[in-house]
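Chain by chain, the residues:
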Amino acid sequence: LRYAPVCGRSYQCLKDNEVLIRGRVHATRPVSKKIVFVVVRGKGFTVQCVVTTEGEGVSRRMVKFVAGLNRESIVDAIGVVSVPDPENPIKGTTQQVELHVRKLYCVSKAMPTLPINVEDASRSEAALQRGVQLPRVNQDTRLNFRVIDIRTRANQGIFRIQSQVGTIFRQFLLSENFYEIQTPKLTPGSSEGGSAVFKLDYKGQPACLAQSPQLYKQMAICGHKNRVFVIGPVFRAEDSYTHRHLCEFTGFDVEMEIKKHYSEVMDIVDRLFVTIFDVLNERCQKELEAIGSQYPFKPLKYKPKTLRLTFEEGVQMLKDAGVEVDPLGDLSTEAERKLGQLVLEKYDTEFYILHRYPLAARPFYTMPCYVNARYSEEIISGVQRIHEPELLIERCQACGVDVNTISYYIDSFRFGAAPHGGFGAGLERVVMFFCALGNIRKASLFPRDPRRIVP
Ligand code: 4AD
């Protein structure tokens, strides 16, 4: 355990004070035929290993072998952790703690040249500090070689945060008596309206990939439990090639019975997201620092009790700032962004709930009141749904939705259905928002957009 601060989790204590670490060759620095330094990058640690013929060291052949190792090769190094003597330092040493290698095995050899550098040097402070001048490649090229790209400290941080968001989301909802359910991803038709669906042939019948778990989570409320949530893939055949649209993303969906008022749903949105932000700040400082060193950002500003504004109030704020918007339509991306700035200036928060949306801007299943939470980007949407079949049919007709294609859903409300509501959030948008990444592709391990299905 003495070695834990050096080696993080990827080490094993052997006998006689020896440890075994596994990691990638980050860099090699041959000093002479008798000594080479090799920086090994493992999960949660980077340590300099000294490979020398001196003392209880290794053979000259071994020094030569290590000096010739290609960057990113995976090695197992066995040695003794030591603190260099400041009175008598080994020539060329730079570290406070090192591993004096006794044995080193190459577990997997990397190619001599990498298609891209691990660190995007033009932006990585760490790389610049080391004086490394590397050519910069664009995001598209980095995504082509995502297996290398995701090795950067910043990307490791992003995906740890992504995993934490999922963990906190699940833990919070389970502790609030929600049940986790699974909904079909092969569906007979669209759920959000519009043509943004991936169509497929289902044994001779037209079908599509689920555009959201919307209809099924509501049907679950009709017959299953009174509070449910779903975590799963959502498919949108978006034509929008933008910084915030993906064709496949991870949907975090919640649905619950409403006892008195739709504000019960907003209360859950509020407590859930404030908990997510609080816990991320508490648990992920190291990751946030790593992300910030590559993509500098300021910590998200939010309040312990989330600000709630009505759509009307938002429209008025925009009008006062000289931005005209249609009070019965949706907000454009520019208007949304402007409102985010105005809210930040006036209320000092980037996270707020905008509710009572005009019906024309929302899908057919929406009760005439609505909630969105956003700052510049919409990250959550939803609130109360229609639970009366006749009103649902009326709204389908008004929105041009063919009732025959969703009769199974409408009929679910004919056997007694409680008032209910819920919301959906995109995991990648939440991470992009929290870390101010500016582009959703950075928050997706293998992004799918209108131009990309590989790798
Ligand atoms: O706003 P959306 O389309 O709403 C629904 O799917 C509803 N069924 C949710 C509800 O319960 N009423 O999508 C929900 C969330 C958005 O707020 C956004 O975070 C994310 O999903 N999202 C996308 N993320 C990435 N790429 C896209 N193309 C997205 N479209 C929506």
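To be clear, the structure that these remarks concern was listed above.
None of these values were measured; they are calculated from a predicted model.

What counts as what
Residues numbered from 1 in each chain as written. Predicted model: local features only at pLDDT ≥ 70, side-chain atom pairs only at ≥ 80, totals over all residues. Heavy atoms only, no water. Helix = DSSP H or I, 4+ residues; strand = E, 2+ residues; numbered from the N terminus. Buried < 20%, exposed > 50% of the residue type's maximum accessible area, 1.4 Å probe, protein only. Areas by Shrake-Rupley, 256 points an atom, 1.4 Å probe, with all protein chains shown as cover. Lys, Arg positive; Asp, Glu negative; His and termini not counted. Charge placed at Lys NZ, Arg CZ, Asp CG, Glu CD. Axes fitted to C-alpha atoms, helices over the stretch in contact; angles between N-to-C directions. Parallel < 35°, antiparallel > 145°, perpendicular 65-115°, else oblique. Left-handed = near helix turned anticlockwise from the far one by under 90°. Contact = heavy atoms within 4.5 Å. Nonpolar A, V, L, I, M, F, W, Y, C, P; charged D, E, K, R; others polar. Arc of directions from axis to C-beta. Pairing = 2+ DSSP bridges. Near = heavy atom within 4 Å. Polar contact = N/O pair within 3.5 Å; in protein donor to acceptor, adjacent residues only side chain to side chain. Salt bridge = Lys/Arg side-chain N within 4 Å of Asp/Glu carboxyl O.

(A) Examining the overall build of the protein chain more closely. From N to C terminus, the protein chain includes 14 helices and 17 strands. Counting only C-alpha atoms, the protein chain reaches 85 × 55 × 40 Å along its principal axes. Residue burial in the protein chain is summarised as follows: out of 455 residues, 51% are buried. Surface accessibility of the protein chain: about 22,300 Å² in total, with carbon and sulfur atoms responsible for 52%. Seen as two clouds, the 61 positive and the 51 negative side-chain charges of the protein chain have centres 9 Å apart.

(B) Fine view of the packing of helix 6 (residues 153-175) against helix 8 (residues 263-283). In the contact formed by helix 6 and helix 8, the axes pass within 10 Å of each other and the chain directions differ by 135 degrees. With respect to each other, helix 6 and helix 8 are oriented oblique. Once helix 6 is placed against helix 8, the crossing between them reads as right-handed. Residue-level inspection shows Arg160, Ile161, Gln164, Val165, Ile168, Phe169, Gln171, Phe172 and Leu173 of helix 6 in contact with helix 8, the latter providing Ile268, Arg271, Leu272, Thr275, Ile276, Val279, Leu280 and Arg283. A breakdown of the residues in the contact of helix 6 with helix 8 according to their chemical character gives 11 nonpolar, three polar and three charged.

(C) Broad picture of helix 2 (residues 60-67). Looking only at helix 2, the buried set comprises Met62, Val63 and Val66. An end-on view of helix 2 places all buried positions within 100 degrees of arc, on one side of the element. Of the exposed residues in helix 2, the ones pointing more than 90 degrees away from its buried face are Arg61 and Lys64. Of the surrounding elements, those touching the buried residues of helix 2 are strand 2 (18-32), strand 3 (35-42), strand 4 (45-52) and strand 6 (98-108).

(D) Representation of the sheet that holds strand 10 (residues 205-209) in the model. The sheet built from three strands is open, its strands ordered 8-10-9 with antiparallel pairing. Of all the strands in the sheet, just strand 8 (186-187) and strand 9 (199-202) have a single pairing partner and so form its edges. Pairing of strand 9 with strand 10, which is carried by four bridges, proceeds in the antiparallel orientation. Residue tyrosine 202 lies in a different strand from strand 10, and its bridge partner there is glutamine 205.

(E) Local environment of the environment of arginine 395. Here arginine 395 shows up in helix 12 (residues 389-399). In contact with arginine 395, other than residues within four places in its own chain, are Leu359, Phe364 and Ile386.

(F) Region of the structure containing the packing of helix 6 against helix 14 (residues 427-434). Between helix 6 and helix 14, the shortest axis-to-axis distance is 10 Å and the interhelical angle comes to 120 degrees. One finds that helix 6 runs oblique with respect to helix 14. The interaxial crossing formed by helix 6 with helix 14 has right-handed handedness. Between helix 6 and helix 14, the residues in contact are Ile158, Ile161, Gln162 and Val165 and Leu427, Glu428, Val430 and Val431, respectively. Among the residues forming the contact of helix 6 with helix 14, the class breakdown is six nonpolar, one polar and one charged.

(G) Fine view of the site of the ligand. Around the ligand sit 24 residues, and of these Glu192, Gln214, Glu378, Ser381 and Arg385 come closest. Here a nitrogen atom of the ligand sits 2.8 Å away from a polar atom, N or O, in the side chain of glutamate 192. A distance of 3.5 Å separates an oxygen atom of the ligand from a polar atom in the backbone of phenylalanine 423. Computed on the free molecule, the ligand has an accessible area of 620 Å², of which 93% lies beneath the protein chains in the complex. Elements supplying a minimum of two residues to the shell around the ligand: helix 7 (214-223), strand 12 (248-257), strand 16 (377-381) and strand 17 (420-426).

(H) Spatial organisation of unusual backbone geometry. A cis amide bond links valine 454 to the next residue, proline 455, at an omega of -5 degrees. Topologically, proline 455 is positioned in the segment after helix 14. For glutamate 72, which is not a glycine, the phi torsion comes out positive at approximately 75 degrees. Residue placement: glutamate 72 occurs in the loop between helix 2 and strand 5 (74-82). One non-glycine residue, lysine 203, lies in positive phi territory at about 50 degrees. Considering the arrangement of structural elements, one finds lysine 203 in the loop between strand 9 and strand 10. You can call lysine 203 exposed: its relative accessible area is 80%.

(I) Representation of the pattern of salt bridges in the model. Enumeration according to the criterion identifies 24 salt bridges in this entry. The partner of arginine 151 in a salt bridge is glutamate 72, and the shortest N-O contact between them spans 2.9 Å. Remark: glutamate 72 occurs in the loop between helix 2 and strand 5 and arginine 151 occurs in the loop between helix 5 (146-149) and helix 6; sequence separation between them is 79 residues. Across the pair lysine 217 and glutamate 255 runs a salt bridge whose closest N-O atoms are separated by 3.4 Å. Placement of lysine 217 in helix 7 and of glutamate 255 in strand 12 is noted, with a sequence separation of 38 residues between them. Side by side, lysine 217 and glutamate 255 carry an identical accessibility label, which is buried.

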